[in-house]
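Chains, contacts and geometry: an overview
Take a look at the letters that make up each chain.
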Amino acid sequence: MRSVSIFGATGSIGQNTVDLIARDPGAYRVVALTGGANIAQLAEDAIRLKAEVAVTAHDDRLDDLRAALAGSGVEATAGQGALVEAADRPADWVMSAIVGAAGLAPGFRALRHGTTLALANKESLVTAGPLLLAEARAHGATILPVDSEHSAVFQALVGEEMEAVEKIIITASGGGLRDWPLEALPKATVADAGAHPNWAMGQRITIDSASMFNKGMELIETKEFFGVGPDRIEAVVHPQSIVHALVGFRDGALMAHLGAPDMRHAIGYALHWPDRRELPVARIDLAQIATLEFYAPDLVRYPALRIAREVMEAGGRSGAVFNAAKEIALDAFIAGRIGFMQMSEVVDRTLSAISPRLCLVSPMSGLEDVLHTDHMARNTAWSEIEKMERT
Ligand code: NDP
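Residues numbered from 1 in each chain as written. Predicted model: local features only at pLDDT ≥ 70, side-chain atom pairs only at ≥ 80, totals over all residues. Heavy atoms only, no water.

1. Quick look at the overall build of the protein
Each helix and strand counted, the protein has 16 helices and 11 strands in total. Relative to the 2.2 N^0.38 estimate, which gives 21 Å for 391 residues, the radius of gyration of the protein is 21 Å and therefore close to what a compact globule would have. Projected onto the principal axes, the alpha-carbon positions of the protein cover approximately 60 × 50 × 40 Å. Long-range pairs, those at least 24 residues apart, make up 67% of the contacts in the protein with a sequence separation of at least 6. A total accessible area of about 16,100 Å² is found for the protein, and carbon and sulfur atoms account for 52% of it. Considering the protein, the positive charge centre built from 35 side chains and the negative charge centre built from 49 side chains are found 1 Å apart. (Helix = DSSP H or I, 4+ residues; strand = E, 2+ residues; numbered from the N terminus. Rg over C-alpha atoms; globule rule 2.2 N^0.38 Å. Contact = heavy atoms within 4.5 Å. Areas by Shrake-Rupley, 256 points an atom, 1.4 Å probe, with all protein chains shown as cover. Lys, Arg positive; Asp, Glu negative; His and termini not counted. Charge placed at Lys NZ, Arg CZ, Asp CG, Glu CD.)

Below, the structure written as structure tokens:
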């Protein structure tokens, strides 16, 4: 029986993972499930899946979690330290689906046990890619991508040599504001940007899709995970979200991965890898879809792609600054303090403002360094927002 843990079990990726595990309860021993504020969901799933331990990230919710688990035999713990302790409980397969920088420490710790880490948490690769991959190598652990684009690339590369790869193309839906006139974008509201045409996701990642900061993160993830130079990585707008990624080979062949926009596909692939098992996802009917469109993204509409490319070129600490600044910019947009198009201005300004104090191109020395850079970038981003508000 395989042992599994799910970090971020109450979120969108986490719930899709719980769904797949719950369909075959006899096949898994669930070690840890973690969540944040959603205690009811965490407790319900922990009891249903007979988890050994349920962890809430919030210290002050321990009593609530204990009460919700009373009599079930599931242990309750709380706090960021408890998340790392949960990652110390060995499991064969660990889903890393906590959102944000909070997902880094448990993921790093799980790798120490030589686990197979299914990586949804984008921030891990964007902020600390080289460190994460080195940690996996040092402990004989395996990292499998869960982002649909990277899972698609990973699948297209099965049996191939990286030397034969000419380019990697990841697709982007273009987000909820794709067809808006350019001049209307500065007036886009949180509700406008938070509606995705194809994927059902949380509010933050949906807005990041509309701005393409999400795609920018994915470009950086591609560089880090597959070790391919920025000049060989492209993003292309594909409104139907059926083709998730393509790999171009030196003989001119282009291998595409097609699938319904359902995260259970990429999660299920990582869960059963290297096998393929039946998954409860919709099958594609190409005749019914009839048309698949592709076009180059407009960098005026999506400045996040231009910034991400600069970050890929720079490497070092710039990914951590990019991630932190775009999170703060998103907070400020959701709070109504800046407009939709000003999010990229915040990230640009943060990268410029921080570079005299922090050598952006120098490599990270460890997790502490990543968290320090993250903290510094967040403070810088807020002060840039305050300056923008004053002018
Ligand atoms: P959600 O916001 O839906 O879920 C996030 C999870 O993390 C929840 O379990 C939440 O708990 C928990 N959490 C929130 N804050 C903290 C914290 N400070 N410490 C510990 N746990 C915390 O996110 P998604 O599932 O959408 O995304 C998870 C990750 O996967 C992100 O990095 C995202 O970029 C990436 N991803 C998401 C995709 C998607 O389709 N949604 C696709 C590809 C990648 P609670 O809800 O209980 O507060």
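What follows picks up the thread again.
2. Digging into a negative patch on the surface
Taken together, the side chains of Glu160, Glu161, Glu163, Glu166 and Asp251 present a region of like negative charge at the surface. By the element assignment, Glu166 lies in strand 8 (residues 165–172). (Patch = residues over 30% accessible without salt bridge, like charges linked within 9 Å, V, L, I, M, F, W, Y side chains within 5 Å. Salt bridge = Lys/Arg side-chain N within 4 Å of Asp/Glu carboxyl O.)

3. Some words on helix 4 (residues 80–87)
Residues of helix 4 that are buried include every one of Ala82, Leu83, Val84, Ala86 and Ala87, and no others. Check the buried side of helix 4 and you find it contacts strand 1 (2–7), strand 2 (28–35), strand 3 (53–56), strand 4 (75–78) and helix 5 (104–111). (Buried < 20%, exposed > 50% of the residue type's maximum accessible area, 1.4 Å probe, protein only.)

4. What to know about the site of the ligand
What surrounds the ligand is a group of 25 residues, the closest being Thr10, Ser12, Gly36, Ala37 and Asp147. Considered on its own, the ligand offers 900 Å² of accessible surface; in the complex 82% of this is hidden by protein. Residue classes in the shell around the ligand are distributed as 13 nonpolar, 9 polar and 3 charged. (Near = heavy atom within 4 Å. Nonpolar A, V, L, I, M, F, W, Y, C, P; charged D, E, K, R; others polar.)

5. Looking at the sheet that holds strand 6 (residues 116–119)
Read from one edge of the open sheet, 7 strands run 4-3-2-1-5-6-7, paired in parallel fashion. In this open sheet, the two strands that pair with only one neighbour each are strand 4 and strand 7 (142–145). On average, adjacent strands in this sheet sit at an angle of 20° to one another, irrespective of strand direction. In terms of strand pairing, strand 2 meets strand 3 through 4 bridges, oriented parallel. Across the sheet, the residue bridging to Thr34 is Val55, located in strand 3. Along the sheet, helix 3 (residues 62–69) makes contact with strand 3 and strand 4, crossing strand 4 at roughly 165°. (Pairing = 2+ DSSP bridges. Axes fitted to C-alpha atoms, helices over the stretch in contact; angles between N-to-C directions.)

6. Remarks on the sheet that holds strand 10 (residues 243–249)
Reading across from one edge, 9-8-10-11 is the order of the 4 strands in this open sheet, with mixed pairing throughout. Two strands lie at the open edges of the sheet, namely strand 9 (233–237) and strand 11 (254–258), each paired on one side alone. Direction aside, neighbouring strands of the sheet carry axes that sit 20° apart on average. Pairing analysis gives 5 bridges linking strand 8 to strand 10, with the strands arranged antiparallel. When the bridges of strand 10 are listed, Ile170 appears paired with Ala245.

7. Examining the environment of Arg23
With respect to the element layout, Arg23 can be found in the loop between helix 1 (12–22) and strand 2. Residue classification places Arg23 among the partly exposed residues on the basis of a relative accessible area of 48%. For the pair Arg23 and Pro280, spaced 257 residues apart in the sequence, the C-alpha separation amounts to 9.7 Å. If we skip the residues at most four places from it in the chain, Arg23 touches Arg264 and Pro280. There is a polar contact of 3.0 Å between the side chain of Arg23 and the side chain of Asp19. (Polar contact = N/O pair within 3.5 Å; in protein donor to acceptor, adjacent residues only side chain to side chain.)

8. A look at the environment of Gly176
Mapped onto the elements of the fold, Gly176 is located in the loop between strand 8 and helix 8 (190–193). Gly176 gets classed as partly exposed once you look at its relative accessible area, which sits at 27%. Along the sequence, Gly176 and Ile338 sit 162 residues apart, while their C-alpha atoms lie 19 Å from each other. Those residues in contact with Gly176 that sit more than four places away from it in its chain are Ala195, Pro197 and Ala210.

9. Side note on the pattern of salt bridges
In total, this model carries 29 salt bridges according to the counting rule given. A salt bridge links Arg337 to Glu389; the nearest nitrogen and oxygen atoms lie 2.8 Å apart. Remark: Glu389 occurs in helix 16 (residues 367–390) and Arg337 occurs in the loop between helix 14 (318–334) and helix 15 (342–354); sequence separation between them is 52 residues. Take Arg337: its relative accessible area is 35%, and that puts it in the partly exposed class. According to the relative accessible area criterion, Glu389 is partly exposed, its value standing at 39%. Three or more residues joined by partner-sharing salt bridges are found here, namely Lys122, Asp147, Glu149, Lys215 and Glu218.

10. So, the packing of helix 7 (residues 148–156) against helix 11 (residues 263–272)
The contact between helix 7 and helix 11 brings their axes to 9 Å, and the two run at 50°. In terms of orientation, helix 7 lies oblique with respect to helix 11. Here helix 7 runs over helix 11; the crossing is left-handed. Taken together, the residues of helix 11 that come into contact with helix 7 (itself represented by Ser148, Ser151, Phe154 and Gln155) are Met263, His265, Ala266 and Tyr269. For the contact of helix 7 with helix 11, the class distribution of residues is 4 nonpolar, 4 polar and no charged. (Parallel < 35°, antiparallel > 145°, perpendicular 65-115°, else oblique. Left-handed = near helix turned anticlockwise from the far one by under 90°.)

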